Amino acid sequence: LNSFNSSERRMSFHSLEGRPWTRKLCGTNYPVSIAFIVVNEFCERFSYYGMKAVLTLYFIHYLNWDKDLSTAVYHAFSSLCYFTPLLGALIADSWLGKFKTIIYLSIVYVIGHVVKSVGAIPDVGDSTLHIALSMVGLVLIAFGTGGIKPCVAAFGGDQFDEENTEERTKFFSIFYMSINAGSVLSTIVTPILRGDVKCFGGDCYALAFGVPAALMVIALVVFISGSGLYKKSPPEGNVLVRVCKCIGFAIQNRWRNSKKSPKKSHWLDWAEEKYPKRLIQEIKMVFRVLVLYIPLPMFWALFDQQVQGYIQLISFVFTDTQIMLNALLILVFIPIFDMGIYPLIGLCRIKLTPLRKMAVGMILAAIAFCAATVVEINVIPSPAKESLVQVYNLMDSDVTVQFPGHTVFSDPLKPNEVTSPQKNMSAFHFWLNNTYVHQECIKLIKIHFCLTIFDFCRFINTHTENINITVGTDEFYAAANYGISQNISVPRGEYNGVVCETNSNQYHIDLGLLDFGAFYTVILSKKSEGLTTIKMEDIQANNIHITWQIPQYVFLTAGEVMFSITGLEFSYSQAPASMKSVLQAGWLMTVAFGNVIVLIVAEGAGMEQWAEFLLFAGLLVAVSIIFSIMAYFYTYVDPDQLDKTFREDTDDEKVKSSDSKKKETVSLTDMPKQTKM
């Protein structure tokens, strides 16, 4: 019998070796199948971020929506993309399985992209149809990308054997790198396609959306191509219904029998009368992880400031393309952490568990915002609620300016003299020599702690003719007789030979250097020798070097690497086999709730930017302490070991049941036969 069992085990082992999912990459312990999953994720992220890179511009310039509506729809779409993962996870774990769910929802994803691209073709219908197609396309994309989010990561983790936990951990790092690589490349390519390629007489939004659609088709084809190599776990039935019924029965049974029956070690144990111990144990595992997730949205609330515009990432400008420094740093930091920092910490005999990594990541993010606070305070020299008042004397004689209750301008102003900016003045108007003089308080522009690569400029025309001014690629118009042009942001640079045109003549003026973050007012006056200019610097240029931004992004990105990648792997490793996608969806929901926190705090706080940064940093430190305390009492579990335990218990029960039946048969046989009386 022992010989037979040994032979059977050998046959089983050889048959397992021949299965496609046991093939490894180049002599490593990495399955070949993960190559298809990583490429699929890269193409899908390129598709998603490439489309989003031009989405707001599409709303404003193509659909002609105002800025507020465009921003609202953009954030509503982004939020929907993080709430739909729960739906995809339930479909995968309960009905179709991860493989089929990814394929079917990817098809929905592709259809959404195609509909969105068709809506960007001017010749297709009117503006109403364009809006309808755009909204339908975005909803389909949200369900597609959100639905596959939890499934792809969990499906990748499924490809590894039980003993290859280290390789599986590194897979999630590679997986995260593919996300950011797709993001970086797409934000370069799609804005170029929109701005540099012309079609239908304007910017080619149809092409800018069509290329991401093509990448999503490639992602789908690549994923299907690896079908024969995947390890595919079957769905476990309607998991959500069973879980809800089990929880409901436990609560109901506890309420009814709490006084009659002895206390249970856990409230879910009250469901043992009706539901198997394995299901109860799996629900306990999921609940314990979800409770740990309660403080985590605060990290994403901070991180989401990048999207909301409170943290403006350092950008390199190629036409209107912005490359996020954060995504680039992630591509650099992941191998540094995996191959350098983590092994060095291990050599120091410091046990860096997943939850400890996440706690350190939160602290690093808090440090990043402390650094941002310092930069913000130095960039903004005076409080944002103050105003700046500057007066320029265009008269031929001295002028004395007086304000009731203020002594800001004590000395008379000489002709063509300008005052230095005076702070903390309310809005006002005044008359000189019984002549009304235009004046406006120049409100301090609240430049967020990003050191802007643009400056702002406007013109005051004292000439008797209207003037059109061309500064680089920007056009200004100043009406005659003290007309003021609009304020326009202009890239930093030397502007010599600026063209100024009136109805009767053309002039060239030199503006000199327009520096980072400054606000300039240029007064144009007609003299006998031509058009003269006086340039005033209403708000001084940034006096802090742009490299001071780098430390905060280094800290923030390091925090993201330790927090986000670890959380992704932790969510998979601590989930039972039947709920892998559900727990991945729970992880993604922390991102969605983080976005909600941003909207509540940012809109309701009404505080200055530096104080808001400091508030978020303080909240994150407090949350990290709470999370660390919760993590201290968390006990790590091995779902695979749980499967073995319940499998052995089931086998023992079967043996006991078989033995009891045999004994029962023997006892019935040995019973004395009854004789008739």
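Residues numbered from 1 in each chain as written. Predicted model: local features only at pLDDT ≥ 70, side-chain atom pairs only at ≥ 80, totals over all residues. Heavy atoms only, no water.

You'll find the protein entered in an unreviewed UniProt entry as Solute carrier family 15 member 2, with Cyprinus carpio given as the organism. Taken from UniProt, the Subcellular location (unreviewed entry) comment for the protein reads in full: "Membrane". Here is the UniProt Sequence similarities (unreviewed entry) comment for the protein, exactly as written: "Belongs to the major facilitator superfamily. Proton-dependent oligopeptide transporter (POT/PTR) (TC 2.A.17) family." (UniProt positions renumbered as here; feature names shortened; annotations may be inferred.)

On to the state of the cysteines, then. On inspection of all chains with the given rule, the structure shows one disulfide. In this model Cys199 forms its disulfide with Cys204; the gap between the sulfur atoms is 2.0 Å. Between Cys199 and Cys204, the S-S torsion sits near 105°, and that sign places the bridge as right-handed. Summarising the burial analysis for this pair, Cys199 and Cys204 share the class buried. (Disulfide = S-S within 2.5 Å. Buried < 20%, exposed > 50% of the residue type's maximum accessible area, 1.4 Å probe, protein only.)

Quick look at the confidence of the model for the protein now. Considering every residue of the protein, the mean pLDDT works out to 78; 77% of them sit at 70 or more. Mean pLDDT values for the elements of the protein range from 30 in strand S9 (residues 442–443) up to 95 in helix H6 (residues 98–119). Contacts of residues 1–17 to residues separated by more than four positions or lying in other chains number three contacts, the stretch itself having pLDDT below 50. Predicted confidence is poor over residues 653–657, with pLDDT under 50, and the contacts of this stretch with residues over four places away or in other chains come to zero contacts. (pLDDT = per-residue confidence, 0-100. Helix = DSSP H or I, 4+ residues; strand = E, 2+ residues; numbered from the N terminus. Contact = heavy atoms within 4.5 Å.)

This part takes up the side chain of Arg168. Its location among the elements puts Arg168 in helix H8 (residues 165–196). An unpaired buried charge is present at Arg168: no salt bridge exists, and Glu569, the closest side chain of opposite charge, is 4.0 Å distant. Excluding anything up to four places from it in sequence, Arg168 contacts Gly157, Phe160, Glu569, Tyr572 and Ser573. (Lys, Arg positive; Asp, Glu negative; His and termini not counted. Salt bridge = Lys/Arg side-chain N within 4 Å of Asp/Glu carboxyl O.)

Time to look at the pairing of strand S16 (residues 498–501). Only one face of S16 is covered, namely the one carrying Val498 and Cys500; the face carrying Val499 and Glu501 has none of its residues buried. Bridge count for S16 against strand S17 (residues 506–509) is four bridges, and the pairing is antiparallel. Within S17, the residue paired with Glu501 across the bridge is Gln506. The antiparallel hairpin formed by S16 and S17 contains four residues in its connecting segment. (Pairing = 2+ DSSP bridges.)

Time to look at helix H10 (residues 239–257). Two residues of an α-helix separated by three or four positions point the same way, owing to the 3.6 residues in each turn. The terminal C-alpha atoms of H10 lie 27 Å apart, and with 19 residues this matches the ideal 27 Å at 1.5 Å per residue to within 8%. Burial in H10 covers these residues: Val239, Val243, Cys246, Ile247, Phe249, Ala250, Asn253 and Asn257. Down the axis of H10, the buried side of the element spans an arc of 165°, and every buried residue falls inside it. Among the exposed residues of H10, those pointing more than 90 degrees away from its buried face are Lys245, Trp255 and Arg256. If you follow the buried residues of H10, they end up packed against helix H5 (85–96) and helix H11 (277–293). (Expected span 1.5 Å × (residues − 1). Arc of directions from axis to C-beta.)

The subject of this paragraph is the packing of aromatic side chains. Across all of its chains, the model carries 37 aromatic pairs by this definition. Among the aromatic residues, those joined into a cluster by ring pairs are Tyr30, Phe160, Phe171, Phe172, Phe175 and Tyr572. One cation-aromatic arrangement involves Arg288 over Tyr634; the distance from NZ or CZ to the ring centre is 4.7 Å. One Lys or Arg, Lys580, reaches over the ring of Tyr572 and ends 4.1 Å from the middle of that ring. (Phe/Tyr/Trp six-rings, centres within 6.5 Å; stacked < 30°, edge-to-face > 60°. Lys NZ or Arg CZ within 6 Å of the ring centre and 35° of its normal.)

Now for the environment of Leu129. Here Leu129 lies in helix H7 (residues 127–158). C-alpha separation for the pair Leu129 and Gly119, spaced 10 residues apart in sequence, amounts to 7.3 Å.

What follows covers the packing of H6 against helix H9 (residues 205–225). Contact pair H6 / H9: the axes reach a minimum separation of 9 Å and the direction vectors enclose 165°. Comparing their axes, H9 and H6 come out roughly antiparallel. In the packing of H6 onto H9, the handedness of the crossing is left-handed. Taken together, the residues of H9 that come into contact with H6 (itself represented by Phe99, Ile102, Ile103, Ser106, Ile107, Tyr109, Val110, His113, Lys116 and Ser117) are Ala206, Phe209, Gly210, Pro212, Ala213, Met216, Val217, Leu220, Phe223 and Ile224. Residues of the contact of H6 with H9, tallied by class, amount to 15 nonpolar, four polar and one charged. (Axes fitted to C-alpha atoms, helices over the stretch in contact; angles between N-to-C directions. Parallel < 35°, antiparallel > 145°, perpendicular 65-115°, else oblique. Left-handed = near helix turned anticlockwise from the far one by under 90°. Nonpolar A, V, L, I, M, F, W, Y, C, P; charged D, E, K, R; others polar.)

A few words now on helix H14 (residues 325–347). Across its 23 residues, H14 extends 31 Å between first and last C-alpha, which sits within 8% of the 33 Å expected from 1.5 Å per residue. Maximal helix bending in H14 amounts to about 50°, located at Phe337. Of all the residues in H14, the buried ones are Leu325, Asn326, Ala327, Leu329, Ile330, Phe333, Ile334, Phe337 and Tyr342. Just downstream of H14 lies Arg349, where phi reads positive at about 60°. (Bend = angle between axes of the 7 residues up to and from the residue.)

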